[in-house]
Amino acid sequence: MNVPEDLRYAASHEWIRQENGAGTVGITDHAQQELTDVVFVELPKIGAQVKAGQQVCVVESVKAASDIYTPTSGTITEVNDALSANPALLNTDPFGDGWIYRITLSAPEEVAQLKTPEQYREQLGSAH
Amino acid sequence: MSNLPPLKQTPLHDEHIRLGAKMVDFGGWSMPVQYTGILDEHRAVRTNLGVFDISHMGQFFVSGPDAGTWLNCLLTNNVDRLSIGECQYTFLLNEKGGVIDDLIVYRIEESRYLLVVNAAKIEEDFAWMHAHLREGAHLENQSDHMAGLAVQGPKAAQLFDAFFGGSHSRPARNEILTIPIDGELYYVARTGYTGEDGFEVFCPADRAVKSWTDILERGASFEIKPCGLGARDTLRLEVCYPLNGSDLSPETTPIEAGLTLFVDLQKPEFIGRARLLQQREEGVTRRLVPFKMLVKSPPPRAHYGVFKGGVRIAETTSGTLSPSLNVGIGLAYIPTAYARIGEEIQIEIRGQQYPAVIEKRPLLRPNAK
């Protein structure tokens, strides 16, 4: 299972990459494997102000719809439109081209409270 | 959680685990929902070949001098129309004409029939049939002793020939062969639940693993893939085959489901007949119809609201993204006034309405023979 070192993780299987006071958010490799073939992504609204833990978008596989929760608070500034045409990017490249949205960090300290790669790996390990 | 009985396993359970299947609870059975992926497996069946474990399904044998007469009093279709080696799709109804189960009845001998019923309904079907048993008919439940494999896809006939070429000619569509192999009887039927050409094989449970591995080995040159319940559902929905418990229930009749082809109202008597006759004369208030989304939308799923002119008129009974058509599809019982091909409706998905159109069935017509 791929758990990149440069990211922080939410227990609900989202990741965030912090760069220049902003964050890029997606779902983890584990999440995409559990979801199976993603066939539709309902992207968040640009400009939406969200609080950490709030449901911001929905990812749908053939079998089920899954809510995605934002790991941090802030304003959504950009969404990955490529996912509308090619939702399978979430399966093929969850940490790269399958990113979902970018967000300003209104409470940057929240990032440090998220799981480290090691803690997230532990979470995955204990689930099995 | 701890009060739930353990999930039942088919004889192929260890094979599924070995192949890396994702297992789910399906009506009390631990079954593979997918191996490599639903889309991948769906495509395999539409273009080449797939093999499904259907050992969870039930097998009843009905025999005796009055077997046919008795079955005709319980089932909607007419078993007298079957020659030996033929089968038909049929319904077991309650007194109100509601569906207890949909099943296939195969006439395997002059006075011996094989009934293949839904996994979740084995006990209920058996209890119902047993309660209505008559002299001259014998009913046995062989479900625990038999396994089932469905080989489906346009290359199914080639695989059959690779197995039996020379010794047996292929059964025709809706026919069944009884083939002795190493001292045991195998039933090989030209039936399936995908709309593709294909075979369903029923054999003793202790032969399941060998049959499964043989089929995968011999099928390798036809690019066969093991397929799970996920693909089984998208495949059947594209060709509008109903799923009992979703599209059929004790509250819906075959007439409402648009499946009158499998009901013989000329028969003098069968349970539920009076209600069906009444519906045929008075008309039904709703009909099960397939629909297709008109725009890109989240996949429709079961129990989503169906709207017309802002008014909620129904709810979906099944829905999915069609991997072949790449658009959302589904089934719903629509009030008769709107249950017309070409009628535009709206499906509510998470509070937003998306346009859809009622289509004729099947939504997809594969190149099945």
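See above for the structure.
About the criteria used
- Residues numbered from 1 in each chain as written.
- Chains lettered and ligands numbered in written order.
- Predicted model: local features only at pLDDT ≥ 70, side-chain atom pairs only at ≥ 80, totals over all residues.
- Helix = DSSP H or I, 4+ residues; strand = E, 2+ residues; numbered from the N terminus.
- Rg over C-alpha atoms; globule rule 2.2 N^0.38 Å.
- Buried ≥ 20, exposed ≤ 12 C-beta atoms within 10 Å, placed from the backbone.
- Contact = placed C-beta atoms within 7 Å.
- Core = buried A, V, L, I, M, F, W, Y, C linked by C-beta atoms within 7 Å.
- Nonpolar A, V, L, I, M, F, W, Y, C, P; charged D, E, K, R; others polar.
- Axes fitted to C-alpha atoms, helices over the stretch in contact; angles between N-to-C directions.
- Parallel < 35°, antiparallel > 145°, perpendicular 65-115°, else oblique.
- Left-handed = near helix turned anticlockwise from the far one by under 90°.
- Pairing = 2+ DSSP bridges.

Participant: Go over the overall build of chain A, please, and point to the residues and values.
Facilitator: Counting its regular elements, chain A contains five helices and nine strands. For 128 residues, the compact-globule estimate of 2.2 N^0.38 gives 14 Å, and the C-alpha radius of gyration of chain A, at 13 Å, lies within 12% of that figure. The C-alpha extent of chain A, read off along each of the three principal axes, is 35 × 35 × 20 Å. In chain A, buried positions account for 41% of the 128 residues.

Participant: Now, about the overall build of chain B: what can you tell me, with residues and values included?
Facilitator: Secondary structure summary: chain B contains eight helices and 20 strands in total. The globule rule puts the C-alpha radius of gyration for 369 residues at 21 Å, and the 21 Å found for chain B is close to it. For chain B, the C-alpha atoms occupy an extent of roughly 65 × 50 × 50 Å along the three principal directions. By the burial criterion, 46% of the 369 residues in chain B qualify as buried. Considering only residue pairs separated by 6 or more positions, chain B has 67% of its internal contacts joining residues 24 or more positions apart.

Participant: If you had to explain the nonpolar core to someone new, which residues and values would you point to?
Facilitator: Residue and element names in this part refer to chain B. L71, V105, Y106, Y113, L115, L149 and V151 are the most contacted members of the largest nonpolar core, which totals 123 residues. The element contributing the most residues to this core is strand β7 (residues 99-109), with seven residues. Once residues lying within four places of it in the same chain are set aside, the contact partners of Y106 are C87, Y113, L114, I176 and A189.

Participant: Kindly report on the interface of chain B and chain A, identifying the contributing residues and their values.
Facilitator: Contacts between chain B and chain A engage twelve residues on the former and ten residues on the latter. Here the residues of the side of chain B that touches chain A are counted per class, giving six nonpolar, five polar and one charged.

Participant: Could you give an account of the environment of Q113(A), naming the residues involved and the relevant values?
Facilitator: Within the secondary structure layout, Q113(A) lies in helix α4 (residues 109-113). Considered as a pair, Q113(A) and Y9(A) are 104 residues apart in the sequence and their alpha carbons are 9.4 Å apart.

Participant: So what about the packing of helix α2 (residues 38-47) of chain B against helix α7 (residues 229-238) of chain B? Which residues, and what values?
Facilitator: Residue and element names in this part refer to chain B. Put simply, α2 and α7 touch, their axes get as near as 8 Å, and they point 55 degrees apart. Taken together, the axes of α2 and α7 are oblique relative to one another. Crossing hand, α2 versus α7: right-handed. Note on element contacts: α7 touches α2 through G230, A231, T234 and L235, opposite I38, E41, H42 and V45. Residues of the contact of α2 with α7, tallied by class, amount to four nonpolar, three polar and one charged.

Participant: Which residues make up the sheet that holds strand β4 (residues 38-42) of chain A, and what values do they have?
Facilitator: All names here are of chain A. With respect to topology, three strands assemble into an open sheet ordered β4-β6-β7, the strand pairing being antiparallel. What marks the edges here is a single partner per strand, and that holds for β4 and β7 (65-69). Shown here is a sheet whose adjacent strand axes are inclined to one another by a mean of 25 degrees, direction ignored. Examined bridge by bridge, β4 and strand β6 (residues 55-61) share four bridges and lie antiparallel to one another. Bridge pairing in β6 places E42 opposite V58.

Participant: Describe in detail the pairing of β7(A), supporting the description with residues and values.
Facilitator: Residues and elements named next belong to chain A. Strand direction decides the pairing type here: β6 and β7, joined by five bridges, are antiparallel. Within β7, the residue paired with C57 across the bridge is I68. Hairpin geometry of β6 and β7 is characterised by an intervening segment of three residues between the two adjacent antiparallel strands.

Participant: Explain the environment of N86(A) to me, using residue names and the numbers behind them.
Facilitator: All names here are of chain A. Residue position: N86 is located in the loop between α2 (82-85) and α3 (89-92). Residue classification places N86 among the partly exposed residues on the basis of 15 C-beta atoms within 10 Å. Separated by 48 residues in the primary sequence, N86 and V38 place their C-alpha atoms 9.2 Å from one another.

Participant: So what's going on with the sheet that holds strand β3 (residues 22-27) of chain A? Residues and values would help.
Facilitator: Residue and element names in this part refer to chain A. The strand order β1-β2-β3-β9-β8-β5 describes an open sheet built from six strands, whose pairing is antiparallel. The sheet terminates laterally at β1 (8-9) and β5 (49-50), the two strands that pair on one side only. Relative to strand β9 (residues 101-104), strand β8 (residues 74-79) runs antiparallel, the two sharing three bridges. Residue pairing for β9: I76 is matched across the bridge by I103.

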